[in-house]
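A structural walkthrough
The lines below spell out each chain.
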Amino acid sequence: MSSVYIVFYILVIIFVICNIGFYYSENLAKDHGNKTSTLKPDDAYLIHRKLMLHGVCSKWDISISQSRYPTPGIPEFIVQIVNTCVSGCAPSNIHLRCGWFASARIVNPRTFKRLSYDDCLVNGGFPLKTSQSIRFTYSNSFMYPLEFKSATFC
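The numbering scheme is per chain: residues are counted from 1 as the chain's sequence reads. Local features in a predicted model are, by the rule used here, given only for residues with pLDDT of at least 70; side-chain atom pairs are given and counted only at 80 or more, and totals for whole chains, interfaces and linings are based on all residues. Side-chain metrics in this entry use all non-hydrogen atoms of the structure; hydrogen atoms and water are not considered.

Focus on unusual backbone geometry
For clarity, the threshold we go by: Each helix is a run of DSSP H or I of at least 4 residues and each strand a run of E of at least 2, with the numbering of both proceeding from the N terminus. Note on classification: 1.4 Å probe, protein chains only; a residue is buried when its accessible area is under 20% of the maximum for its type, exposed when over 50%, partly exposed between these limits.
Even without a glycine there, the phi angle at N123 is positive, about 60°. Mapped onto the secondary structure, N123 falls in the loop between β5 (119-122) and β6 (133-139). Looking at N123, the relative accessible area reads 14%, which means it is buried. Look at S131: it is not a glycine, yet its phi comes out positive at around 65°. You can call S131 exposed: its relative accessible area is 59%.

Put into structure tokens, the structure is as follows:
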């Protein structure tokens, strides 16, 4: 396995861990009426896992990462979109903000398709099962910022 893939997977893991922590801290502030609360890291992890196991999935459970793939000529970027929710909920109709996304290399439209400005559809609108990942490569002179826009959750 090349070092590029290893770095890519490490970045994905860091991104997922950061999203879990941000999601938990946001919900903690809501639950306690903006009061400051301190929990031990072990307790925070357990509470977060309980929420997810009871079917609570949100935009924070859709992990989007991309990295540049070193190639000569037009730069290539690898995008990976993963459903990290463990409750069994399979979000569908996942849309990303994507600007005027375009690629010099053909991207399978069933995988990722720009519908209009700043609206791209993932997986043809079909559900993204738990731990399922969608991965594609595109070519452009710059990396498009891709971020979650909307989805239908269970």
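Observations regarding the environment of F142
Among the structural elements, F142 can be located in the loop between β6 and β7 (147-152). Of the residues examined, F142 reaches a relative accessible area of 41% and is grouped as partly exposed.

A few points about the packing of aromatic side chains
Describing an aromatic ring pair means giving the distance of the ring centres and the angle of the ring planes. Let me state the cut-off plainly: When two rings of Phe, Tyr or Trp (its six-membered ring) have centres within 6.5 Å they constitute a pair, described as stacked for plane angles under 30 degrees, edge-to-face for angles over 60, and tilted for the intermediate range.
Scanning the model with the defined rule gives eleven aromatic pairs in all. An angle of 80° between the planes, with centres 5.0 Å apart, marks the rings of F101 and F112 as edge-to-face. With a gap of eleven residues between them, F101 in the loop between β3 (92-97) and β4 (112-116) and F112 in strand β4 connect regions that are remote in the sequence. Taking relative accessible area as the criterion, F101 reaches 7% and is therefore assigned buried. F112 sits in the buried class, given a relative accessible area of 3%. On the numbers, 6.4 Å between centres and 90° between planes, the contact of F101 with F136 is edge-to-face. Taken together, the residues F101 in the loop between β3 and β4 and F136 in strand β6 connect sequence positions 35 residues apart. Neither residue differs from the other here; F101 and F136 are each classed as buried.

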